[in-house]
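Chain by chain, the residues:
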Number of protein chains: 2
Amino acid sequence: MKTYLDCIPCFLKQALEAGKMAGADEKLQKEIIDNVCALIPQFPLNSTPPEMALKIHRLIKRLTSNNDPYLKIKRESQKKALAMYPYLKEKVKKGKDSLSIALKIATIGNIIDFAINDAETVGNGLESIDQQEFGIFAYEKFKAALHTAKKILYLGDNAGETVFDRVLIEEIFPGRKIYYGVRGAPIINDALEEDAKEAGIGNYAEIISNGSDAPGTLLNFCSGEFRNVFFDADMIISKGQGNFESLSNKGYPVFFLFKVKCLPVAKQIHGKIGHLVLMAERN
Amino acid sequence: MKTYLDCIPCFLKQALEAGKMAGADEKLQKEIIDNVCALIPQFPLNSTPPEMALKIHRLIKRLTSNNDPYLKIKRESQKKALAMYPYLKEKVKKGKDSLSIALKIATIGNIIDFAINDAETVGNGLESIDQQEFGIFAYEKFKAALHTAKKILYLGDNAGETVFDRVLIEEIFPGRKIYYGVRGAPIINDALEEDAKEAGIGNYAEIISNGSDAPGTLLNFCSGEFRNVFFDADMIISKGQGNFESLSNKGYPVFFLFKVKCLPVAKQIHGKIGHLVLMAERN
């Protein structure tokens, strides 16, 4: 997905948030903003938003000398999500169609995104599983692809969300080889290997780092090993907007699973902010 | 009020919106963003937000050769608000305390602010008068000041909102000289003389231009005639965040009447976004 002009104010907002998270005082926060303002005119708008966000977050890490500003948030998200695990499993068990419910749970977990949402929004969202429905739901296509898939790459998104991903992975792993892709270095609150392990995903899938510190899946920044898994997979399940922004419209065998959090993405998929989405890249 | 760092992403968002309103194509919108990004490092944070917004909007007017990007929106707001007038008057008539209801109506009218809110938000807000309550309501102080005031300056904010202001002015004008201050030149959707006249305010108050194109009341940019009225008034009723940001903490005999629309203002008054506010500047 290209970068919309509407993304630019949001980049500044995110930069300021990340600066605060990194412990920058007001003077340093202003320095961050001024530096991001100097970067913006150089951004080519045909780049994807994660490419731009990558540059901005590297800048913030350098200016604040803090390589992992969201560490505390990530720990808290993981803890809260792990506490919800028995409740989520019960939801799946009680439902008529366990795959469909697990898909919904994994997608609702995508609300855990401190690049865009605050803690209150996350809490309210997680408590309303029954009230939320998919706005776009390519379920038949998903089931058909799943039926024949032997190797699946599941692209994780945020820490905490990993626990919600586990619920879906538990439904689909029997008889299949699942890889769970995580970021290779800290970026916002995105999940790393340690988060996936802590969520218990290692029992059902092989956890694999993508080797990159981008808030998405920019293949040219990923490791060769990760790319091999990516191109060798029969089916890719991609969580979150960052992965969608990186990988959409490229013809890969991807199913995108996310909650729509901003207007540019809503425009791109002809959907609405707040929609839960299961989209097939290929028709 | 000083400018918070959180205001800066919002300036960019407003600049983009104003550019679109002015009919700028995507290339020119990007040029606007790049130019605003070049301005930001020069902004002194001890300036008020309207001082910064003034510079940004002058830039947009120059780059787009459009001196009044919000003209159409203003016309529509006025039309819609005028259609609501009989309903608003009926609300006041039916209420137990007509002054209190008129204050609430005038404050709710402040939701008409296309610098921050979209049309849907405005529509929903106006339809829920009965559900909204003041978060801060210095009513006794207001009544005491009103009791002795002979000359009142009422600072208008947005087009359309003028009709809601009229409802309050009709309650307070008997036995007093009221001046209704408007901006001296187009700025966002702020009310000009023609808007105040169209709202029928001229029947109860003397409409006076402040001589400035700032989205607030920056006294150093106002005309001498306006400043004389300002300093000669026994009581000033100030509508909207822009006027609040310009005039707060300066010791003038002002009552601020607005709806809290952003986090910096919420922080400043120890309130919450969405609150209706009637605040006395002087204790």
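Remember, it's a predicted structure, so these values are computed and weren't measured experimentally.

(A) Spatial organisation of the environment of B:Ile8. Assignment of secondary structure puts B:Ile8 in helix H1 (residues 7–21). Of the residues examined, B:Ile8 reaches a relative accessible area of 0% and is grouped as buried. For B:Ile8 and B:Ile40, which are 32 residues apart along the polypeptide, the C-alpha to C-alpha distance reads 7.7 Å. When residues no more than four places from it in sequence are discounted, the contact partners of B:Ile8 are A:Leu12, A:Lys30, A:Ile33, B:Ile40 and B:Leu45.

(B) Broad picture of the domain arrangement of chain A. Residue and element names in this part refer to chain A. For chain A, the domain assignment lists domain 1 (7–64) and domain 2 (71–280). Summarising the inter-unit geometry, the C-alpha centres of domain 1 and domain 2 are found 25 Å apart. Domain 1 puts 12 residues into the contact, and the matching count from domain 2 is 16 residues. Across the domain 1/domain 2 interface, buried area totals approximately 1200 Å², and carbon plus sulfur atoms make up 68% of it. Together, Pro50, Leu54 and Lys61 form the three largest contributors to the area buried by domain 1 at its contact with domain 2, with a combined 38%. Inspection of the domain 1/domain 2 interface yields one salt bridge. For Asp213, the salt bridge is made with Arg58, and the minimal N-O distance between the two is 2.9 Å. The interface formed by domain 1 and domain 2 contains two residue pairs in polar contact (both at pLDDT 80 or more). Within the residue set of the side of domain 1 that touches domain 2, elements represented by two or more residues are helix H1 (7–21) and helix H3 (49–64). In terms of residue count, H3 provides more of the side of domain 1 that touches domain 2 than any other element does, eight residues in total.

(C) Region of interest: helix H2 (residues 26–39) of chain A. Helix length check: H2(A), at 14 residues, gives a terminal C-alpha distance of 20 Å against a target of 20 Å (1.5 Å per residue), a fit within 8%. Residues of H2(A) that are buried include every one of A:Leu28, A:Gln29, A:Lys30, A:Ile32, A:Ile33, A:Asp34, A:Val36, A:Cys37 and A:Leu39, and no others. On its buried side, H2(A) packs onto H1 and H3 of chain A together with H1 and helix H2 (26–39) of chain B.

(D) Just the sheet that holds strand E1 (residues 134–137) of chain B, in detail. Residues and elements named next belong to chain B. Read from one edge of the open sheet, seven strands run E1-E7-E6-E5-E2-E3-E4, paired in mixed fashion. Of all the strands in the sheet, the pair left with one neighbour each is E1 and strand E4 (206–209). Between one strand and the next, the sheet's axes are offset by a mean angle of 15 degrees, whatever the strand orientation. Against the sheet, helix H8 (residues 161–172) makes contact with strand E2 (151–155), strand E3 (177–182), strand E5 (235–239) and strand E6 (254–259), and its axis sits at roughly 165 degrees relative to E3, the strand it touches most. Packing against the sheet, helix H11 (residues 240–247) makes contact with E2, E5, E6 and strand E7 (276–280), and its axis sits at approximately 140 degrees to E6.

Analysis parameters
Residues numbered from 1 in each chain as written. Chains lettered and ligands numbered in written order. Predicted model: local features only at pLDDT ≥ 70, side-chain atom pairs only at ≥ 80, totals over all residues. Heavy atoms only, no water. Helix = DSSP H or I, 4+ residues; strand = E, 2+ residues; numbered from the N terminus. Buried < 20%, exposed > 50% of the residue type's maximum accessible area, 1.4 Å probe, protein only. Contact = heavy atoms within 4.5 Å. Domains from an automatic or database assignment. Buried area = accessible area lost by both parts, 1.4 Å probe. Salt bridge = Lys/Arg side-chain N within 4 Å of Asp/Glu carboxyl O. Polar contact = N/O pair within 3.5 Å; in protein donor to acceptor, adjacent residues only side chain to side chain. Expected span 1.5 Å × (residues − 1). Pairing = 2+ DSSP bridges. Axes fitted to C-alpha atoms, helices over the stretch in contact; angles between N-to-C directions.

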